[in-house]
Amino acid sequence: MYQEDRLPQNPKEGVLFMLIISILSVNTIAPIIVGMERGFSVAHYIDTLKIIPFAWIALMILIRFIVKPVAGFLFKRFAGEMDGFNARILLNIVLNVSLISLFMTILGPWIGMGEINFDTLQHFFPTWFRNFGIAFWVELLFAQPIARAVMKSIHTRNRMKTA
């Protein structure tokens, strides 16, 4: 994307941006999905907290090697040169959340159960649509705005230091 105060402008900021989004997303989306699958309770939430580090590692590997290249390719195909910031961000969120939720709908239960179980594939489509919806709204209304606000504050602070 083009230079924008709300987005990372160097690799160090890119890592911080991704960490903020991924940590907020995993710690929000996973408990909601588990709660909807198994019921909302303290015991289920504690069980979820035990698997979140493993899910987060899988997510980082997935993003780095599969989602980022594929979403980047698709983004270039669909984004117009004259598209505004909000349109580009929304397209980016839709592409990334679609791909991540697609893979994590399969991998998430496998990580949570500690085994590869093909029952997940039998209920894939209804589960994936639900997971996509949860992840999309968490990203759109919570994780991404917080990460962009952090980037904007970093860039504003850096500009004030140099002025």
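Residues numbered from 1 in each chain as written. Predicted model: local features only at pLDDT ≥ 70, side-chain atom pairs only at ≥ 80, totals over all residues. Heavy atoms only, no water.

Taking an unreviewed UniProt entry as the reference, the protein is identified by name as DUF2798 domain-containing protein belonging to Exiguobacterium aurantiacum.

### Comments concerning the overall build of the protein
Along the backbone of the protein there are five helices and zero strands. Taking all 163 residues of the protein together, the buried fraction comes to 34%. Look at the contacts in the protein between residues 6 or more apart in sequence, and 73% of them connect residues 24 or more apart. Accessible surface computed for the protein: about 10,100 Å², of which carbon and sulfur atoms make up 69%. Both charge centroids of the protein, one from 15 positive and one from 10 negative side chains, sit 9 Å from each other. (Helix = DSSP H or I, 4+ residues; strand = E, 2+ residues; numbered from the N terminus. Buried < 20%, exposed > 50% of the residue type's maximum accessible area, 1.4 Å probe, protein only. Contact = heavy atoms within 4.5 Å. Areas by Shrake-Rupley, 256 points an atom, 1.4 Å probe, with all protein chains shown as cover. Lys, Arg positive; Asp, Glu negative; His and termini not counted. Charge placed at Lys NZ, Arg CZ, Asp CG, Glu CD.)

### Describing the environment of methionine 60
With respect to the element layout, methionine 60 can be found in helix α2 (residues 42-78). For methionine 60, a relative accessible area of 12% gives the class buried. Each C-alpha atom, one on methionine 60 and one on leucine 19, is 9.2 Å from the other, the two residues being 41 residues apart in sequence. Excluding anything up to four places from it in sequence, methionine 60 contacts Met18 and Ser22.

### Comments concerning a nonpolar patch on the surface
There is a patch of nonpolar side chains on the surface, built from Ile57, Ile61, Phe65, Ile66 and Val70 and spanning about 460 Å² of accessible area. Positionally, phenylalanine 65 belongs in helix α2. (Patch = residues over 30% accessible without salt bridge, like charges linked within 9 Å, V, L, I, M, F, W, Y side chains within 5 Å. Salt bridge = Lys/Arg side-chain N within 4 Å of Asp/Glu carboxyl O.)

### Side note on the side chain of glutamate 13
Within the secondary structure layout, glutamate 13 lies in helix α1 (residues 11-38). For the buried glutamate 13, no salt bridge is present, and the opposite-charge side chain at shortest range is lysine 12, 8.1 Å distant. Once residues lying within four places of it in the same chain are set aside, the contact partners of glutamate 13 are Leu7, Pro8, Met151, Ile154, His155 and Asn158.

### A look at α2
An α-helical segment advances 3.6 residues per turn. Residues three or four places apart therefore align on the same side. With 37 residues, α2 extends only 43 Å from end C-alpha to end C-alpha; this falls clearly short of the ideal 54 Å at 1.5 Å per step. All of the buried residues along α2 are Thr48, Ile52, Ala55, Leu59, Met60, Leu62, Ile63, Val67, Ala71 and Phe75. Considering only its buried residues, α2 is in contact with α1 and α3 (85-113). (Expected span 1.5 Å × (residues − 1).)

### Some words on the packing of aromatic side chains
For the coordinates displayed, the defined rule picks out eight aromatic pairs. Judged by centre distance (6.1 Å) and plane angle (5°), the ring pair of phenylalanine 124 and tryptophan 128 falls under stacked. In this pair, phenylalanine 124 and tryptophan 128 are both assigned in helix α5 (residues 124-162), four residues apart and thus about one turn of the helix distant. Taken as a pair, phenylalanine 124 and tryptophan 128 share a single burial class, namely buried. An angle of 35° between the planes, with centres 6.4 Å apart, marks the rings of phenylalanine 125 and phenylalanine 129 as tilted. (Phe/Tyr/Trp six-rings, centres within 6.5 Å; stacked < 30°, edge-to-face > 60°.)

### Quick notes on the packing of α1 against α2
Where α1 meets α2, the closest approach of the two axes is 9 Å, and the angle between their N-to-C directions is 135°. The pairing of α1 with α2 is recorded here as oblique in orientation. When the axes of α1 and α2 are compared, the crossing they make is right-handed. Across from Met18, Leu19, Ser22, Ile23, Val26, Asn27, Ala30, Pro31, Val34 and Arg38 in α1, the residues of α2 making contact are His44, Tyr45, Asp47, Thr48, Ile52, Trp56, Leu59, Met60 and Ile63. Grouping the amino acids of the contact of α1 with α2 by side-chain chemistry returns 13 nonpolar, four polar and two charged. (Axes fitted to C-alpha atoms, helices over the stretch in contact; angles between N-to-C directions. Parallel < 35°, antiparallel > 145°, perpendicular 65-115°, else oblique. Left-handed = near helix turned anticlockwise from the far one by under 90°. Nonpolar A, V, L, I, M, F, W, Y, C, P; charged D, E, K, R; others polar.)

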